[in-house]
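Each chain is listed here by its residues.
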Amino acid sequence: DVKVTQSSRYLVKRTGEKVFLECVQDMDHENMFWYRQDPGLGLRLIYFSYDVKMKEKGDIPEGYSVSREKKERFSLILESASTNQTSMYLCASSSELRLYEQYFGPGTRLTVT
Amino acid sequence: AQSVTQPDIHITVSEGASLELRCNYSYGATPYLFWYVQSPGQGLQLLLKYFSGDTLVQGIKGFEAEFKRSQSSFNLRKPSVHWSDAAEYFCAVGAEAGGTSYGKLTFGQGTILTVHP
């Protein structure tokens, strides 16, 4: 069974802390994505990556960065967490040929206090 | 820029009743269209997709959707809803290769489906 796993289901951090959200997929997918999900706003794309060490900005990249050192792992970094980054973060992956057929992880609910 | 609107935030149906969830999109060319479902506490799962060809597409779990270019719509339907269908449903649009937004999947706001026994 294909799987996308995220390092934490729930995370509580303080304002100003550096936060790392980790995502691992076991499907040998080329593409990986980070979204944030907020009620009434649906999912919004933060960053995505087509290949190792490659990244592309999504619709809301401000305040975030990413790292992809290995094909199976895609990290989202909040350099200095702020309360408006309290949200559900979803990671997804897809194959090169089926870019939009994305497999999602269960999500990390991040609370910044 | 591409966009998706799901006009209904919350829909309640009785088990066994038919279902239609609305989705309207905005995109200059032929869109790639998708419906995803998110069960409570879970990630999203792809229900069905439309790229081209037959405008009525079948998906998993007995769902279907119809692409209507004239109405810029891609509504999701199911003839008889089961209690396990209670979830949040997201419509999404992706740009074709060569477009400036290629690679970005744009989601609607979501529709929460409640099923009464």
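Refer to the structure presented above.
None of these values were measured; they are calculated from a predicted model.

**Here's the deal with the nonpolar core**
Grouped together as the largest cluster of nonpolar side chains are 26 residues, with contacts concentrated most on Leu19, Trp35, Leu47, Leu48, Phe74, Leu76 and Tyr89 of chain B. Breaking this core down by element, the ones donating at least two residues are β2 (10-14), β3 (19-21), β5 (32-38), β6 (44-50), β8 (64-68), β9 (73-78), β10 (87-94) and β12 (111-116) of chain B. Looking at this core element by element, the count peaks at four residues for β10 of chain B. Here Leu48 of chain B is in contact with Leu33, Phe34, Trp35, Val57, Gln58, Gly59, Phe63, Glu64, Ala65, Phe74 and Leu76 of chain B, once residues within four sequence places are set aside. Grouped together as the second largest cluster of nonpolar side chains are 21 residues, Cys23, Met27, Ile60 and Leu110 of chain A included.

**Points about the side chain of Gln6 of chain A**
All names here are of chain A. With respect to the element layout, Gln6 can be found in strand β1 (residues 4-6). Exposure remark for Gln6: the relative accessible area of 10% places this residue in the buried category. At 3.1 Å, the side chain of Gln6 and the backbone nitrogen of Cys91 are in polar contact. Looking at Gln6, its side chain comes within polar contact range of the main-chain nitrogen of Gly107, at 3.0 Å. When near neighbours in sequence (up to four residues on either side) are disregarded, Gln6 contacts Glu22, Trp34, Tyr89, Leu90, Cys91, Gly105, Pro106, Gly107 and Thr108.

**As for the state of the cysteines**
Residues and elements named next belong to chain A. Taken as a whole and assessed by the stated rule, the structure comprises two disulfides over all chains. Note that Cys23 is cross-linked by a disulfide to Cys91, the S-S spacing being 1.8 Å. When the S-S torsion is -75°, as for the bridge of Cys23 with Cys91, the disulfide is left-handed. Remark: Cys91 occurs in strand β9 (residues 87-94) and Cys23 occurs in strand β3 (residues 19-25); sequence separation between them is 68 residues. Across this residue pair, the class does not change: Cys23 and Cys91 are buried.

**Re the pairing of β12 of chain B**
Residues and elements named next belong to chain B. Here β12 shows a clear split, with Thr111, Leu113 and Val115 buried on one side and none of Ile112, Thr114 and His116 buried on the other. Alignment of β2 against β12, held across five bridges, turns out to be parallel. By the bridge assignment for β12, His10 is matched with Ile112.

**Comments concerning the pattern of salt bridges**
Tallied over the entire structure, the rule returns 13 salt bridges over all chains. Between Glu66 of chain B and Arg77 of chain B there is a salt bridge, with the nearest N and O atoms lying 3.2 Å from each other. Of this pair, Glu66 of chain B sits in strand β8 while Arg77 of chain B sits in strand β9; the two residues are 11 residues apart in sequence, bridging distant segments of the chain. For the salt bridge of Lys78 of chain B with Asp85 of chain B, the shortest nitrogen-to-oxygen distance reads 2.8 Å. The same class applies to Lys78 of chain B and to Asp85 of chain B, which are both buried. Each of Asp28, Glu30 and Lys71 of chain A takes part in a single network of salt bridges with overlapping partners.

Quick notes on the rules
- Residues numbered from 1 in each chain as written.
- Chains lettered and ligands numbered in written order.
- Predicted model: local features only at pLDDT ≥ 70, side-chain atom pairs only at ≥ 80, totals over all residues.
- Heavy atoms only, no water.
- Core = buried A, V, L, I, M, F, W, Y, C linked by side-chain atoms within 4.5 Å.
- Buried < 20%, exposed > 50% of the residue type's maximum accessible area, 1.4 Å probe, protein only.
- Helix = DSSP H or I, 4+ residues; strand = E, 2+ residues; numbered from the N terminus.
- Contact = heavy atoms within 4.5 Å.
- Polar contact = N/O pair within 3.5 Å; in protein donor to acceptor, adjacent residues only side chain to side chain.
- Disulfide = S-S within 2.5 Å.
- Pairing = 2+ DSSP bridges.
- Salt bridge = Lys/Arg side-chain N within 4 Å of Asp/Glu carboxyl O.

Everything listed here is a matter of geometry and, on its own, says nothing about what the molecule does.
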